[in-house]
Amino acid sequence: MSKLSIIIPTHNDESIIQDTLESLARLVNIDEIVIVDGSSVDSTPEIIEKFNDKLGKIVFLKVSKESRAFQFHTGAKHATGDILWFLHPEMHPKQGSARKIKDIMKYQEVVGGSFEMIYVANKPITKLLVKIQERTSQDTFLFLENSIFVRREIYEEIGGFDLLPVFEIKQLKHKIKKRGSFIVLKGFPVVTSLEKLEKGLSLSKLLKLTVCQLLYWIGLPISLCAKIFFTNAN
C-alpha cells in the first residue's frame, strides 16, 4: 500500500493554518503531514504543535528562511511517503481526495497529477482573473497556485524543486509532465483562498506580474519569468 505524505510551507500563517489542518484531519488516507516553517514570528508554530496533539501525523520542521521552494524541497527530503503531495497553507482539499490519489497512482504510467482548483477571491481584479481562468485552463496564470502530487522516485529523478523565488509549483509541474502521464483529478476540487495574494497585490506588484505573465504567454521559460519578477520586485 502506498504511503502518502502532504508537504506544506508556512510563514506567519496564524490566520489560516488552523482551518487548513482541520480540513486535512478529515482526510483518512493521508499518512503524514510535513510542515516546514520559515521563521514565523506569529503563533503559527504553536497552532501547529497544539493541533498535532489531536492529529498525531505532523512532522514539524523549522528553517531559518522563508522560501517556498526551499521549504517544499526540505519537506520532501524528510517525508517518508512514496507519494508526495504539495499544498499551500491556504488550500483546503475535499474529502476523498487522498484516497483518489492513491487509487490513480496504482497505475505505474501515472507519474503525478493535480486537482481542479476553486479560487476564493474578494477583490475585483482577482475575481476577474479567476473568471478568466475558469473559462480557459488552470495553467493560464502563473500566480494562481496549483496543488500537485508526484511519485517520489520521479521527484528525485528530476531533482525536485528548482529553488525559484516564485512560480515554483508551476515549474515542478512542467518538469513532472515530461516524465509520463500527468492526471488532473476531476470531482475533488481544492479550495484556495486568495487572501494572501490580495493583501500584497499593490499596483506595482500587479504590473510586474502582468509583465511576467505576458512573457510566459509568448514562450519565456517559467524559471526566467520567476527571476525577472524577483529582480524587479527588489
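Keep in mind that this is a model prediction, so the values were computed, not measured.

Things to note about the overall build of the protein
When helices and strands are tallied, the protein shows 10 helices and eight strands. Since a compact globule built from 234 residues should have a radius of gyration of about 17 Å, the 17 Å found for the protein is in line with a globular shape. For the protein, the spread of C-alpha atoms along the principal axes amounts to about 45 × 45 × 30 Å. Residues classed as buried in the protein amount to 52% of the 234 residues present. Residue pairs in contact within the protein that sit at least 24 positions apart in sequence constitute 80% of those at least 6 positions apart. Surface summary for the protein: the accessible area is close to 10900 Å², and the carbon and sulfur share equals 55%. Side-chain charges in the protein split into 32 positive and 27 negative, and the spacing between the mean points of these groups amounts to 5 Å.

So, the side chain of Lys 173
Inspection of the secondary structure assignment puts Lys 173 in helix H7 (residues 168-177). Under the relative-accessibility criterion, Lys 173 is labelled buried at 4%. What Lys 173 contacts, discounting residues up to four positions off in sequence, is Ser 114, Gln 138, Asp 139, Asn 146, Ile 148 and Phe 182.

Considering the sheet that holds strand S1 (residues 4-10)
If you trace the eight strands from one edge of the open sheet to the other, you get S3-S2-S1-S4-S7-S6-S8-S5, paired in mixed fashion. Here the strands that pair on one side only, and so sit at the sheet edges, are strand S3 (58-63) and strand S5 (91-92). Sheet analysis places S1 next to strand S4 (residues 83-86), joined by four bridges and oriented parallel. Following the sheet pairing, Leu 4 is matched in S4 by Ile 83. Across the sheet, helix H3 (residues 68-78) is in contact with S1, strand S2 (32-38), S3 and S4; its angle to S1 comes to roughly 150°.

Observations regarding the confidence of the model for the protein
Across the protein, the average pLDDT comes to 89, with 98% of residues at or above 70. Ranking the elements of the protein by mean pLDDT puts helix H10 (residues 222-233) last, at 76, and S4 first, at 97.

Digging into the packing of aromatic side chains
Taken as a whole and assessed by the stated rule, the structure comprises eight aromatic pairs. Centroid distance Phe 86 to Tyr 155: 5.7 Å. Interplanar angle 35°. Geometry classified as tilted. With Phe 86 in strand S4 and Tyr 155 in helix H6 (residues 152-157), this residue pair connects regions lying 69 residues apart in the sequence. With respect to burial, Phe 86 and Tyr 155 carry one shared label: buried. Ring centres of Phe 86 and Phe 161 lie 5.0 Å apart, and the angle between their planes is 90°; this geometry places the pair in the edge-to-face category.

Here we look at unusual backbone geometry
A positive phi is found at Asn 12, a non-glycine position, where the angle reads about 50°. Positionally, Asn 12 belongs in the loop between S1 and helix H1 (17-25). A relative accessible area of 32% means that Asn 12 is categorised as partly exposed.

Some points on the pattern of salt bridges
As enumerated under the stated definition, the model contains 10 salt bridges in all. Glu 168 is paired through a salt bridge with Arg 68; the nearest N and O atoms lie 3.2 Å apart. A residue pair is termed long-range when its members are at least 10 positions apart, and Glu 168 in helix H7 and Arg 68 in helix H3 qualify at 100 residues. Given a relative accessible area of 1%, Glu 168 falls into the buried group. Lys 175 is the salt-bridge partner of Asp 162, the closest N and O atoms lying 3.0 Å from each other. A residue pair is termed long-range when its members are at least 10 positions apart, and Asp 162 in the loop between H6 and H7 and Lys 175 in helix H7 qualify at 13 residues. Judged by relative accessible area, which is 28%, Asp 162 ranks as partly exposed. For Lys 175, a relative accessible area of 16% corresponds to the buried category. Linked through salt bridges whose partners overlap, the residues forming this network are Arg 68, Glu 145 and Glu 168.

Rules behind the numbers
- Residues numbered from 1 in each chain as written.
- Predicted model: local features only at pLDDT ≥ 70, side-chain atom pairs only at ≥ 80, totals over all residues.
- Heavy atoms only, no water.
- Helix = DSSP H or I, 4+ residues; strand = E, 2+ residues; numbered from the N terminus.
- Rg over C-alpha atoms; globule rule 2.2 N^0.38 Å.
- Buried < 20%, exposed > 50% of the residue type's maximum accessible area, 1.4 Å probe, protein only.
- Contact = heavy atoms within 4.5 Å.
- Areas by Shrake-Rupley, 256 points an atom, 1.4 Å probe, with all protein chains shown as cover.
- Lys, Arg positive; Asp, Glu negative; His and termini not counted.
- Charge placed at Lys NZ, Arg CZ, Asp CG, Glu CD.
- Pairing = 2+ DSSP bridges.
- Axes fitted to C-alpha atoms, helices over the stretch in contact; angles between N-to-C directions.
- pLDDT = per-residue confidence, 0-100.
- Phe/Tyr/Trp six-rings, centres within 6.5 Å; stacked < 30°, edge-to-face > 60°.
- Salt bridge = Lys/Arg side-chain N within 4 Å of Asp/Glu carboxyl O.

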